[in-house]
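Single-letter residue listing:
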Amino acid sequence: MTPAHTLRTEGLVSGYGRTTIVDGVDLQIPTGKVSVIVGANACGKSTLLKTIARLLPTQSGAVLLDGQAIDRLPTKDLARTLGLLPQQPVAPEGIAVADLVGRGRHPHQKMFRSWSADDDRAVTEALAATGVLDLADRAVDELSGGQRQRVWIAMALAQQTDILLLDEPTTFLDVSHQIEVLDLLTDLNAQRGTTIVMVLHDINLAARYADHLFALRAGRLVASGAPRDVVTSGARARGVRSGCAGDRRPRLRHTARAPPRAPPCASSRNRRGSGCRQLRRRVARPRARPLDDWREPMTTEQATATEPTTADRPQSRFFRARVTAITDLTPSFRRFTFGGEDLADYGDPGFDQRIKIVFPTSDISIDDMPTADDWWDRWRALDDAERPPFRTYTTRAVRRAACEVDVDMVAHDVLGPASEWIARAEVGDEVLIFAPTTAHAAVSYGIDFVPPARTDDVLLAGDETAAPAIAVILEQLPRTARGVVVLETPDPADAAYLPEHPGFVYRVAARRDDADRHRHLIAAVTEAAATLAPAGRGSEVEEIDIDADILWEVPRTAKGGAALKSAALYAWLAGEAGAIKTLRRHLVTERGVDRRAVAFMGYWRLGRAEV
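Residues numbered from 1 in each chain as written. Predicted model: local features only at pLDDT ≥ 70, side-chain atom pairs only at ≥ 80, totals over all residues. Heavy atoms only, no water.

Topic: the overall build of the chain
The secondary structure content of the chain amounts to 15 helices and 22 strands. Split into buried and exposed, the 611 residues of the chain put 54% on the buried side. Here the contacts in the chain between residues at least 6 apart in sequence split such that 74% fall between residues at least 24 apart. Of the accessible surface of the chain, which amounts to about 26,500 Å², a share of 49% is contributed by carbon and sulfur atoms. (Helix = DSSP H or I, 4+ residues; strand = E, 2+ residues; numbered from the N terminus. Buried < 20%, exposed > 50% of the residue type's maximum accessible area, 1.4 Å probe, protein only. Contact = heavy atoms within 4.5 Å. Areas by Shrake-Rupley, 256 points an atom, 1.4 Å probe, with all protein chains shown as cover.)

Next comes the structure, spelled out in structure tokens:
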């Protein structure tokens, strides 16, 4: 890995709420070096690192990556460049080493793209580089402290970033394991050129392993430079406690060594894409029933639609389609049937699979939409006035033989380009649909309904924007499934929209006006959860600014499967982000539902359009 990114802070001020912890700090992180932040307890070391990683907002000043303020960078773009290992990370109970390391590949996942050969290769190399390849099939909670820390570092390596931030990576480890972890990090820096920035309490270890030290006192930078210069310049007298003479001494038992060689990879045409067979043998172990077991037996056409992915067939692409029929189903739901020969290989992975529909406007044609593999980056690079608008929907039905697709949409007041198109569309109008092809993988990342194989009850809840996805889920669940459906709609007649399912109780109500919005949804979900889920020990959830970020939390393994093997309740909640945020807090924090058994999706936000 060739270091190519610069990282610095300018006049950085940050803290918690109105309390300032870091006060006016200017850092220039040396590229391709090991930098360590030191200082007395409560001097702001971890706060500074969290702000650099964008876990905390800046109060003033800036953190600049390649000269750009990080708070303006898209989250996934930032995560492909900068990785973070927080202090005392917690792994999901029972998760295997390989699955945890695989979560480092999330920033590289794209819409509808399943686990690939590149992901397998990255995970295998990370496991090998950290010396835990032999532990790939072990549960993380069975490992020693030193082994666990190596696994967490492997996850950060699988992320393949040029910059790695670590908050006290040696905390609670005995001396031998501390040296082992620091040896590993300096090896990675020497062999890969990774820029490493870490917080350490032990000034002796910091001086032995760092190329550059930053010394903090009371939230301010008091010294910066080579270990010898920082320690002997009087920083110790200003609050940096040390028994070190100030030079970067020979490491305690560190010797440069080549990383263990990753096992050879052979191409494989299984449904998760080609990858490393040896790794798969190592991680193979009995697992719960696959997600497909939740569905009714497949028809011949459905079986054909899930054929293995091949190199010459994309898993998803843009389809050109025209409106062939428009059907008003209820006062709020309108079905658009799209047709065209291009839909012959339109895929249908099932459940709530997300698709994107690109709409024309009076000024912008669908032909202005970038459609290559990098369409997302190209679309974002366009000026606002040149961007073709698109929105997210769910495929309701696919009739491949007839080259037809049904998509249900909510018809409401004209608020933007999508609602305007819905209100005025006519038979013959053309759109672009970004969706899976028949070459889609067995597990699609566009599906957010991922229940454990053994689930007692299912709770499906949302507003009208979630109704099409709920309808498809109900149609595809086996008749033996049971649970509760909660739906809030604009009109009482919209209750007829949902298909019947013998195992589900329906609680559908219409709001009286905008002031009544969310009342039924929140009350009915609260009541259903009290009935379906025994009260547990609540856990805190991180605060999300739904006016700045999208609330989207779908628990799954790195390869897209369910996060749990079994659950008494699996909940799927989607709709307006404010209501979903309230329900997230109630279910996880107040009710104590395991957050690995709940999918939360803020489809939209009052006053803001989502794409």
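From this point on, the discussion continues.
Section: the packing of aromatic side chains
Scanning the entire structure with this criterion turns up 18 aromatic pairs. Here a set of aromatic residues connected by ring pairs shows up, and it is made of F318, W375, W376, W379, F390 and F434. Above the plane of the ring of W379 lies R387, whose end atom (NZ or CZ) is 4.7 Å from the centre. (Phe/Tyr/Trp six-rings, centres within 6.5 Å; stacked < 30°, edge-to-face > 60°. Lys NZ or Arg CZ within 6 Å of the ring centre and 35° of its normal.)

Some thoughts on the sheet that holds strand β16 (residues 430-436)
One closed barrel holds the six strands; their spatial order is β11-β12-β15-β14-β13-β16, and the pairing between them is antiparallel. Each strand axis lies, on average, 45° off the axis of its neighbour in the sheet, ignoring direction. Helix α12 (residues 417-424) contacts β11 (316-328), β12 (333-339), β14 (390-399), β15 (404-410) and β16 of the sheet and is inclined by roughly 80° relative to β12. Most of the contacts of helix α13 (residues 467-476) go to β14, to which it runs at about 30°, and overall it touches β12, β14 and β15. (Pairing = 2+ DSSP bridges. Axes fitted to C-alpha atoms, helices over the stretch in contact; angles between N-to-C directions.)

What about the sheet that holds strand β9 (residues 212-217)?
In sheet architecture, strand pairing relies on hydrogen bonds along the backbone and comes in two forms, parallel and antiparallel. Read across the open sheet, the six strands follow the order β6-β7-β8-β3-β9-β10; overall the sheet is mixed. Strand pairing shows two members of the sheet lacking a second neighbour, β6 (82-85) and β10 (220-225), which therefore form its edges. Neighbour to neighbour, the strand axes of the sheet diverge by 15° on average, direction disregarded. Here five bridges tie β9 to β10, and the two strands are oriented antiparallel to one another. Counterpart to L216 in the pairing with β10 is L221. Taken strand by strand, helix α1 (residues 45-52) contacts β3 (34-39), β6, β7 (163-167), β8 (195-199) and β9, and its axis lies near 150° from that of β7. Helix-sheet contacts for helix α6 (residues 175-192) involve β3, β7 and β8, and the interaxial angle to β8 is about 155°.

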